[in-house]
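Results of the structural survey
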Amino acid sequence: METGGKMRWFNFFIAAVLDIVALYLFWVSDAYGISGLVGIVLHAAAVFLSFLFFKPLAPSISGIHPMQFPAMIVGLCGAMPLVGLLAITYFGILFKPRPGLELEDRHIRVYTKGIHQLHIENLKKHRIPDPIVKVLALPEEDRRRNAILTLEFVNKAKAVNILKRVVLDSDEYTRINAQSVLHRWASQIESNIKFIENRLQSKKAKIPELVDLMDLYYQFAEMKLNESEVNMNQIRRAEEIGEQILKGEPANHPARMLLLKCQLKTGNIAGAQENLRFLREAPGFQSLILPAEMEIAYITRNFKRLKATLSQISRDRILGAQYAKHIKYWIDKDVSEVAHA
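Now for a description of the structure that goes with this document. This structure is a prediction, so every number in the text was calculated from the model and none was measured.

Parameters and conventions
Residues numbered from 1 in each chain as written. Predicted model: local features only at pLDDT ≥ 70, side-chain atom pairs only at ≥ 80, totals over all residues. Heavy atoms only, no water. Axes fitted to C-alpha atoms, helices over the stretch in contact; angles between N-to-C directions. Helix = DSSP H or I, 4+ residues; strand = E, 2+ residues; numbered from the N terminus. Left-handed = near helix turned anticlockwise from the far one by under 90°. Contact = heavy atoms within 4.5 Å. Nonpolar A, V, L, I, M, F, W, Y, C, P; charged D, E, K, R; others polar. Parallel < 35°, antiparallel > 145°, perpendicular 65-115°, else oblique. Phe/Tyr/Trp six-rings, centres within 6.5 Å; stacked < 30°, edge-to-face > 60°. Lys NZ or Arg CZ within 6 Å of the ring centre and 35° of its normal. Salt bridge = Lys/Arg side-chain N within 4 Å of Asp/Glu carboxyl O. Buried < 20%, exposed > 50% of the residue type's maximum accessible area, 1.4 Å probe, protein only. Core = buried A, V, L, I, M, F, W, Y, C linked by side-chain atoms within 4.5 Å. Expected span 1.5 Å × (residues − 1).

Two elements in contact, helix α9 (residues 172–201) and helix α10 (residues 207–223), have axes separated by 10 Å at closest approach and are oriented at 145°. Two packed elements cross with a definite hand, and for α9 against α10 that hand is left-handed. Of the residues in α10, those in contact with Trp 185, Ala 186, Ile 189, Glu 190, Asn 192, Ile 193, Phe 195, Ile 196, Glu 197, Arg 199 and Leu 200 of α9 are Glu 209, Leu 210, Asp 212, Leu 213, Leu 216, Tyr 217, Gln 219, Phe 220 and Met 223. A breakdown of the residues in the contact of α9 with α10 according to their chemical character gives 13 nonpolar, two polar and five charged.

Quick look at the structure:
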């Protein structure tokens, strides 16, 4: 163990001993006696040593104030001698430093220091991340290069459009980073597709593997790394596999959900509506099918159904934020006017 680690555990041990002595003095002392005063001093020293022990374990989480975790340590240890120290030990084990990167889908962000891990002492300067589109517009080449590398950790379908734009960046290394990330993603998905397709041809592929194959084809098409016709062929292949799966397992809801997405892409509205009828009764899928319900209602010009679906979406925290513009546009609109437009 490192010297620093030994010193931390020494602080923990001394803090526990001081709290035990302080508890004994509180027990035997008068309300205003010298023993009580000594107990308070010893307990204060124990709280300080506890803080020194737990400080390195404070979490480096974006959005959390740097003093939140130390305040919790002082509050618990100060209010409850020894008991607070033991209770906070559990939190100290749970809270570990995390990478300084927000893995959000809707707003891809990267810290000023690129992909390097930020600890609690750096949060005062770097706790607010910059939008990646802002970083990619900056003149500092090293920041643009680091920003590209962070995109490996976010949603591929949403990051690929940014990477395609960065391929035209003025800095050669930034372009190379973007091209390498795109190539790595494409190679990985193509390799996985080929492996499962070979197992399918040799009749060794299991149903879960076929569902994965559907998902891989759909992901690859959504990334739009190929020509539009190639992407559509991948969607059609996924649709074909989904129909084969459901012939043997009609209750395979993940496959049916993927098939629904494919049918919306290929314009098979009748098939999509049939799958929706199944998925409405499937536990856990009611909220997942709402975007598809909305899309089908719009395509079939069922604007009353569209408004009702958007009303349901608005009550979902994640979907409500994702479709906020749609909700704002449609909820107060007179559908009779739209229907005759």
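More follows now that the structure is in view.
Right, let's get into the packing of α10 against helix α12 (residues 253–266). In the contact formed by α10 and α12, the axes pass within 10 Å of each other and the chain directions differ by 30°. On the basis of the axis angle, α10 is roughly parallel to α12. Remark: the crossing between α10 and α12 carries left-handed chirality. For the pair α10 and α12, contact is made by Val 211, Met 214, Asp 215, Tyr 218 and Glu 222 and by Pro 254, Ala 255, Leu 258, Leu 259, Lys 261, Cys 262 and Lys 265, respectively. Class assignment of the residues belonging to the contact of α10 with α12 gives a composition of eight nonpolar, no polar and four charged.

So, about the side chain of Asp 19. Mapping Asp 19 onto the fold places it in helix α1 (residues 3–28). With sequence-adjacent residues up to four places away left out, Asp 19 is seen in contact with His 43, Ala 46, Pro 81, Leu 82 and Leu 85.

Okay, the packing of aromatic side chains next. One pass over the structure, following the stated rule, counts one aromatic pair. With a centroid separation of 6.4 Å and 70° between ring planes, the pair formed by Tyr 298 and Phe 303 is classed as edge-to-face. One Lys or Arg, Arg 256, reaches over the ring of Phe 278 and ends 3.9 Å from the middle of that ring.

Here the structure, examined in full by the defined rule, presents nine salt bridges. In this structure, Asp 171 and Arg 145 form a salt bridge, with 2.9 Å as the shortest nitrogen-oxygen distance. Separated by 26 residues along the polypeptide, Asp 171 in the loop between α8 (156–166) and α9 and Arg 145 in helix α7 (residues 141–150) bring together distant segments of the chain. Given the relative accessible area of 5%, Asp 171 is considered buried. Residue Glu 293 pairs with Arg 280 through a salt bridge whose shortest N-O separation is 2.7 Å. One end of the pair, Glu 293, is in helix α14 (residues 290–299); the other, Arg 280, is in the loop between α13 (269–279) and α14, with 13 residues separating them in the sequence. For Glu 293, a relative accessible area of 6% corresponds to the buried category. One connected set of salt bridges, linked through shared partners, spans Glu 197, Arg 237 and Glu 240.

Our next topic: the nonpolar core. Judged by nonpolar contacts, the single largest core of 39 residues is most densely connected at Ile 148 and Leu 163. Sorting the residues of this core by element identifies α6 (132–135), α7, α8, α9, α10, α11 (228–248) and α12 as the ones contributing at least two each. Looking at this core element by element, the count peaks at 10 residues for α10. Residue contacts for Ile 148: discarding those within four places in its chain leaves Leu 136, Leu 163, Val 166, Thr 174, Asn 177, Ala 178 and Val 181.

This next bit is on the environment of Arg 143. Structurally, Arg 143 can be placed in helix α7. When the C-alpha atoms of Arg 143 and Thr 174 are compared, they prove to be 9.4 Å apart, with 31 residues separating the residues in sequence.

One non-glycine residue, Lys 203, lies in positive phi territory at about 60°. By the element assignment, Lys 203 lies in the loop between α9 and α10. Residue Lys 203 is classed as exposed on the basis of its relative accessible area of 78%. One non-glycine residue, Arg 301, adopts positive backbone phi at about 60°.

With 30 residues, α9 should reach 44 Å at 1.5 Å per residue; the first-to-last C-alpha distance of 42 Å fits that figure. Buried within α9 are the following residues: Thr 174, Asn 177, Ala 178, Val 181, Leu 182, Trp 185, Ala 186, Ile 189, Ile 193, Ile 196 and Glu 197. A positive phi of about 60° marks Lys 203, the residue just after α9.

Read these as layout, nothing more, since geometry by itself doesn't imply function.
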